Amino acid sequence: MSIPAVPTAAEPATAPADAAPTDAAASAAPTASAPQACPCCAATIDADPRFAVWCPACEWNLTPEATDAPAPKTRRGAADARRRAAATARADQLFEDLAAGRTATGGQRAWLAAAAIATAVHLTTAALCAWGLWLLVTGNTPLRCLGALVLALVVLIRPRLGRAPRGEGVLTRAEAPALYGLADRVAAELGTRPAGVIQVDTDFNASVWVAGPRRQTVLTLGLPLWEVLGEQDRVALLGHEFGHRVNGDHRRGLWLGTAIHALAHWHDLARPRGHYRDAVGLRMLFQLTDLLLGVLLGGVARLLCRVLLLLDRLTSRAGQQAEYHADTLATRVGSTEASRGLLRTLLLHRTAETAATRVRAELHSRPRAARRGRTPDPAERTSAPEAFWERLRDHLASVPPLEHERLLRRSALERGAVDTTHPPTHLRLALLDRAPAVPAAVAMTPAEAAAIAAELAPHRVRVARTLLAG
Ligand SMILES: [Zn+2]
Ligand SMILES: [Zn+2]
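Residues numbered from 1 in each chain as written. Chains lettered and ligands numbered in written order. Predicted model: local features only at pLDDT ≥ 70, side-chain atom pairs only at ≥ 80, totals over all residues. Heavy atoms only, no water.

### Description of the pattern of salt bridges
- Scanning the entire structure with this criterion turns up 14 salt bridges.
- Put simply, Arg 173 and Asp 184 hold a salt bridge, and the shortest N to O gap is 2.8 Å. Note that Arg 173 is positioned in the loop between β3 (170–171) and α4 (177–190) and Asp 184 in helix α4, a separation of 11 residues in sequence.
- When its relative accessible area of 23% is taken as the criterion, Asp 184 is described as partly exposed. (Salt bridge = Lys/Arg side-chain N within 4 Å of Asp/Glu carboxyl O. Helix = DSSP H or I, 4+ residues; strand = E, 2+ residues; numbered from the N terminus. Buried < 20%, exposed > 50% of the residue type's maximum accessible area, 1.4 Å probe, protein only.)

Here it is, written out as structure tokens:
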């Protein structure tokens, strides 16, 4: 989870692409399973009707939302397929190497190549800045105008250190002493700096990144994930996040991290968007400008895209290895059992989304039931935010083993499509299972858990209202 010690945006702490969408109903009550025969191999399936019906024997309907239509045979489609196959092979090879206790090979060369690209990115910005200043100081009036334009461009494309968040969702140390206290204990156990800022948001995720010239550690906790985790699983989550500060992932480092984000920003700026097409008047001129800009910027955008892909290729193995290391650190801090609980919950990303949507629909229908004069059930007397969290927790806790198994197998099937920041979840679990079980170095006490819950109470209400508003 979480993401590079990156200056600008935090990378997701989880690999949501692992999570499979399900048609799970919001109801947490397990419905009686109805045995039925697999239409493919005739094996008996004990399906829970709240979830996708699938066959563990032959994997019929493992990904119910996938279409049978073959992907169109285009050059881009073929290139994507090759890229996915290569990513799958790399993920599998890394797992086998780590499982066998072999250290990564070739990592130093890849890191040097990535650092050279990052240096070229920063030198480009520095050279433009020097050129703009030189034009401004030594040029005539037109050249000074050009120099001013170049410096404006430099401001636009400069590497960014990011800014620590403020305002909504941010908890100060005075407001959340218990949460900061727990985070501090985890950070101290791992030998890294404590969080400068903790904020909560609406994602089923968590992340850590470093902001500003003071390099403050910003910890972001998605309340939907935090609320459905067990108490000790939350310690493992903090362990994984703070593990990102000490797991040696160069992608999160200042030099490479700022270069990757600058490149992504440049690519975003260069992508042709056709802004001028809707302009009224001078349509021909705008269209001509649009065409020329499209050709020029399109070429730049394609080049930047290739450089970004190359950087990803050079750093993905080391980055995924660092993620496995962060899992090891999470295990040391929170225990093997808590790490396993965390990873299994991360597989439920889409299940949580579906459940939240249905809880929202159900809670929105409550006023109508009240207007009809029906006596509200005891459950209907709870406030909507309170009911939202309660039902989300109950639903995820009621996911049956067969659905967990489907999500695991699906993670294996899609491992080539997973975002490259995190290894596929089933491999993370498999590596965890191969290591000896360890107890927690940091234990959350019941009193601490209650204090943290009280500190987060206003945010639970706010986040639930946001999610209920859809
Ligand atoms: Zn991570
Ligand atoms: Zn079957």
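### Quick notes on the coordination of the zinc ion (ligand 2)
- Around the zinc ion (ligand 2), the protein contributes the donor atoms Cys 38 (SG), Cys 41 (SG), Cys 55 (SG) and Cys 58 (SG), which lie 2.2 to 2.3 Å from the metal centre.
- Considering all 4 donor atoms around the zinc ion (ligand 2), the spread of angles at the metal, 105 to 115°, places the coordination shape in the tetrahedral class.
- Here the donor residues of the zinc ion (ligand 2) share one chain and are spaced in sequence as C-x2-C-x13-C-x2-C.
- The partly exposed category is assigned to Cys 41, whose relative accessible area is 37%. (Donors = N, O, S within 2.8 Å, 3.2 Å for Na, K, Ca; no water. Tetrahedral: all angles 85-135°; square planar, octahedral: opposite > 155°, others 65-115°.)

### Regarding the pairing of strand β5 (residues 206–211)
- Among the 6 residues of β5, 6 are classified as buried, and the element is accordingly described as predominantly covered.
- Going residue by residue along β5, you find Ala 206, Val 208 and Val 210 tucked away on one face and Ser 207, Trp 209 and Ala 211 tucked away on the opposite face as well.
- Taken together, the 6 bridges between β5 and strand β6 (residues 216–222) define a ladder with antiparallel strand orientation. Looking at β6, one finds that Val 210 is bridged to Thr 217.
- With antiparallel pairing between neighbouring strands as the criterion, β5 and β6 make up a hairpin whose turn holds 4 residues, including Gly 212 at a positive phi of roughly 75°. (Pairing = 2+ DSSP bridges.)

### Remarks on the sheet that holds β3
- Strand order in the open sheet made by the 4 strands is β3-β4-β6-β5, with mixed pairing throughout. Two strands bound the open sheet, and with one partner strand each, they are β3 and β5.
- Packed onto the sheet, helix α6 (residues 231–243) meets β5 and β6 and runs at close to 145° relative to β6. (Contact = heavy atoms within 4.5 Å. Axes fitted to C-alpha atoms, helices over the stretch in contact; angles between N-to-C directions.)

### Points about α4
- Relative to the 20 Å expected for 14 residues at 1.5 Å per residue, α4 spans 20 Å between its end C-alpha atoms, a close match to the ideal helical length.
- Taken residue by residue, α4 has Ala 178, Leu 179, Tyr 180, Leu 182, Ala 183, Val 186, Ala 187 and Leu 190 as its buried positions.
- Positive phi appears at Gly 191, one or two residues downstream of α4, with a value of about 75°. (Expected span 1.5 Å × (residues − 1).)

### Digging into the side chain of Thr 345
- You can see Thr 345 is positioned in helix α9 (residues 336–346).
- Looking at Thr 345, the relative accessible area reads 11%, which means it is buried.
- Sequence-distant contacts of Thr 345, that is, excluding residues within four places in its chain, are made with Phe 204, Leu 225, Val 228 and Leu 229.

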